[in-house]
Amino acid sequence: MPSFRHFLFFNLHFMMLVSTIDAGPENKIKRPFNNSISAIFVFGDSTVDSGNNNYVHTPFRSNFPPYGTDFVNRIPTGRYSDGRLVTDFIASYVGIKEYVPPYLDPKLRVDELMTGVCFAFGGSGFDPLTSQLLGVNSIQKQLEYFKEYKRKLETAIGKERTKTLISKAAFIISAGTNDFVVNYFGTPFRRRNYDIATYQQFLLQNVLQFIQGLREEGARLIAVVGLPPIGCMPIVITVTSGEANGQRRCIDSLSTVALDYNQKLQNKLTAMDNSSSSAIYYADIYQPLNDMIQNPSQFGFENVNCGCCGSGLVETTFMCNSRSSVCENPSKYVFFDSVHPTEAAYSYLFQALRPIIDRVISISF
């Protein structure tokens, strides 16, 4: 006959088990559609750079105030905004992690590497000349960093686990704006040899080569983000129109270039998706961002053609710094500086992308 001590031990063990089961769901990050996405890997420019430029020799950084004013503990992490980026919202929603850290952060642990990192660099583009003009790492270099990452992970957890992890990961690519705004329209170099149509084709070939490079490393789930309405960026309005005040309307001719490029990109991605075992998706940010700019009151915005930092006309990266004046409420602005959206705008972009995100994760490999 069992003793009282055995009976007490059994009951205590049972109560602990029940309490663990009850508490379980609250301690776990919920995963919509019970998705099996293993990690998130991000490539591109300053719209998705979470701090890699902090670790390279370049003046184009944002790891100082007022950047990060709405981030956790008001920390300027190197994100070119007042707070989170679209990729942070996506990682949190999918249930992977709250924020996507920069790959070059030397303090990252293996478990943090395993759930995904950001390889993007502010100032990068699909044209190698773009990163050379700005003195930052190119998107081709980002692929090299991913290969290095893969080797590190294989050493830590083995080749088979690494292969499985990568095959179930989501890859996000967001670049191209710098190629047009900084490079093609900002300097004479590419315009000597390319008209706008041939330059678009040149960029698209580089996009496809980059995607193929990721596929060769095991990527199977890839999303490519299109261009925003580049003619509506505050710095573009200032430089192109010369209007510091007044109406400050979008430069429609430049935004039309972005629209045309986006359509060609979609066509290329569709053809590539149909001919591969990978799933390749196009993510549109042009329309949702344009909606915010054209109908700001519907989204709670009051200013759409100036940034929150400084005059809002030209300040970005090192020109937007601790000496700059800052608007009282960034959430009322679409742009935080003269180039990059606020956390509020990024949040709306994430919501607009939800249908494509849900589609991707509901059929994840």
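So, here is what we can say about the structure in this document. (Residues numbered from 1 in each chain as written. Predicted model: local features only at pLDDT ≥ 70, side-chain atom pairs only at ≥ 80, totals over all residues. Heavy atoms only, no water.)

Now for the overall build of the protein. Helix and strand counts for the protein come out as 12 helices and 6 strands. For 365 residues, the compact-globule estimate of 2.2 N^0.38 gives 21 Å, and the C-alpha radius of gyration of the protein, at 22 Å, lies within 12% of that figure. Projected onto its principal axes, the C-alpha coordinates of the protein cover approximately 95 × 50 × 40 Å. Classification of the 365 residues of the protein by burial places 54% in the buried group. Sequence separation of at least 24 residues holds for 72% of the intrachain contacts in the protein that already meet a minimum separation of 6. Carbon and sulfur atoms make up 55% of the accessible area of the protein, which amounts to about 17100 Å² in all. Computed over 33 positive and 32 negative side-chain charges, the separation of the two mean positions in the protein equals 6 Å. (Helix = DSSP H or I, 4+ residues; strand = E, 2+ residues; numbered from the N terminus. Rg over C-alpha atoms; globule rule 2.2 N^0.38 Å. Buried < 20%, exposed > 50% of the residue type's maximum accessible area, 1.4 Å probe, protein only. Contact = heavy atoms within 4.5 Å. Areas by Shrake-Rupley, 256 points an atom, 1.4 Å probe, with all protein chains shown as cover. Lys, Arg positive; Asp, Glu negative; His and termini not counted. Charge placed at Lys NZ, Arg CZ, Asp CG, Glu CD.)

Our focus in this paragraph is the layout of surface pockets. Here the second largest pocket is characterised by a volume of approximately 200 Å³. Contributing to the lining of the second largest pocket are Q266, L269, T270, D273, N274, A279, I280, Y281, Y282, I356, R359 and I363. Mapped by element, the contributors of at least two residues to the lining of the second largest pocket are α10 (252-274), β4 (279-283) and α12 (343-362). (1 Å grid on protein atoms, 1.4 Å probe; cavity = no way out; pocket = protein on both sides within 12 Å on 5 of 7 lines; lining within 4 Å. Points joined across faces, edges and corners; volume = space filled by probe spheres on them.)

Attention now goes to the state of the cysteines. Per the counting criterion, the structure on display carries 3 disulfides. Between the sulfur of C232 and that of C250 lies a disulfide, 2.1 Å long from S to S. Taking the sign of the S-S torsion, about 115° here, the bridge from C232 to C250 comes out right-handed. Residue C232 is located in the loop between β3 (221-225) and α9 (234-241), and its partner C250 is located in the loop between α9 and α10; the two are separated by 18 residues in the primary sequence. C250 shares its class with C232; the two are buried. Shown here is the disulfide that connects C309 with C320, its sulfur atoms set 2.1 Å apart. A torsion of 115° about the S-S bond marks the disulfide between C309 and C320 as right-handed. Residue C309 is found in the loop between β5 (303-307) and β6 (333-335), and its partner C320 is found in the loop between β5 and β6; the two are separated by 11 residues along the sequence. The pair C309 / C320 is uniform in exposure class, with both members buried. Here the protein pairs its bonded cysteines, counted in sequence order, in the arrangement 1-2, 3-6, 4-5. Unpaired in this structure, C306 has its nearest cysteine sulfur neighbour in C327, at a distance of 11 Å. The class of C306 is buried, set by a relative accessible area of 13%. (Disulfide = S-S within 2.5 Å.)

Right, let's get into the nonpolar core. Formed by 55 residues in total, the largest nonpolar core has its most connected members in F41, Y149, F171 and L214. When residues of this core are assigned to their parent elements, the largest contribution, 8 residues, is made by helix α8 (residues 196-216). Among residues more than four places away in sequence, those in contact with F41 are G116, V117, F119, F146, Y149, L165, A169, A170, F171 and I172. Counting residues in each nonpolar core, the second largest holds 42 residues, with I96, A223, C250 and V360 among its members. (Core = buried A, V, L, I, M, F, W, Y, C linked by side-chain atoms within 4.5 Å.)

The next point concerns the packing of aromatic side chains. Overall, the coordinates contain 32 aromatic pairs when judged by the stated rule. Summarising the aromatic geometry, the rings of F43 and F119 are spaced 5.1 Å apart at their centres and angled 10° between planes, so their arrangement reads as stacked. Residue F43 is located in strand β1 (residues 40-44), and its partner F119 is located in the loop between α3 (110-114) and α4 (128-134); the two are separated by 76 residues in the primary sequence. Exposure remark for F43: the relative accessible area of 0% places this residue in the buried category. (Phe/Tyr/Trp six-rings, centres within 6.5 Å; stacked < 30°, edge-to-face > 60°.)

There is a patch of nonpolar side chains on the surface, built from V314, F318 and M319 and spanning about 240 Å² of accessible area. Overall, V314 belongs to the partly exposed group, its relative accessible area being 30%. (Patch = residues over 30% accessible without salt bridge, like charges linked within 9 Å, V, L, I, M, F, W, Y side chains within 5 Å. Salt bridge = Lys/Arg side-chain N within 4 Å of Asp/Glu carboxyl O.)

Now for empty space enclosed by the protein. In this structure the tally under the stated criterion is 1 cavity of 30 Å³ or more. What the largest cavity holds in volume is close to 30 Å³. Lining the largest cavity are D45, T47, S174, A175, T177, G226, L227, P228 and I285. Residues of the lining of the largest cavity, tallied by class, amount to 4 nonpolar, 4 polar and 1 charged. (Nonpolar A, V, L, I, M, F, W, Y, C, P; charged D, E, K, R; others polar.)

Turning to the side chain of D82, a few remarks are in order. Within the secondary structure layout, D82 lies in the loop between β1 and α2 (86-94). Buried within the structure, D82 lacks any salt-bridge partner; its nearest side chain of opposite charge belongs to R84, at an N-O separation of 8.9 Å. Of the polar contacts made by the side chain of D82, one reaches the side chain of S81; its length is 3.1 Å. Within the local environment of D82, its side chain forms a polar contact with the backbone nitrogen of E343, the two atoms lying 2.8 Å apart. (Polar contact = N/O pair within 3.5 Å; in protein donor to acceptor, adjacent residues only side chain to side chain.)

Turning next to the sheet that holds β3. Strand order in the open sheet made by the 4 strands is β1-β2-β3-β4, with parallel pairing throughout. Taken across any chain shown, the strands that pair with only one partner, and hence form the sheet edges, are β1 and β4. Each neighbouring strand pair of the sheet contributes to a mean axis angle of 20°, computed without reference to strand direction. Examined bridge by bridge, β1 and strand β2 (residues 170-174) share 5 bridges and lie parallel to one another. By the bridge assignment, V42 is partnered in β2 with I172. The strands touched by α8 are β1, β2, β3 and β4; relative to β3, the strand with the most contacts, the crossing angle is about 160°. (Pairing = 2+ DSSP bridges. Axes fitted to C-alpha atoms, helices over the stretch in contact; angles between N-to-C directions.)

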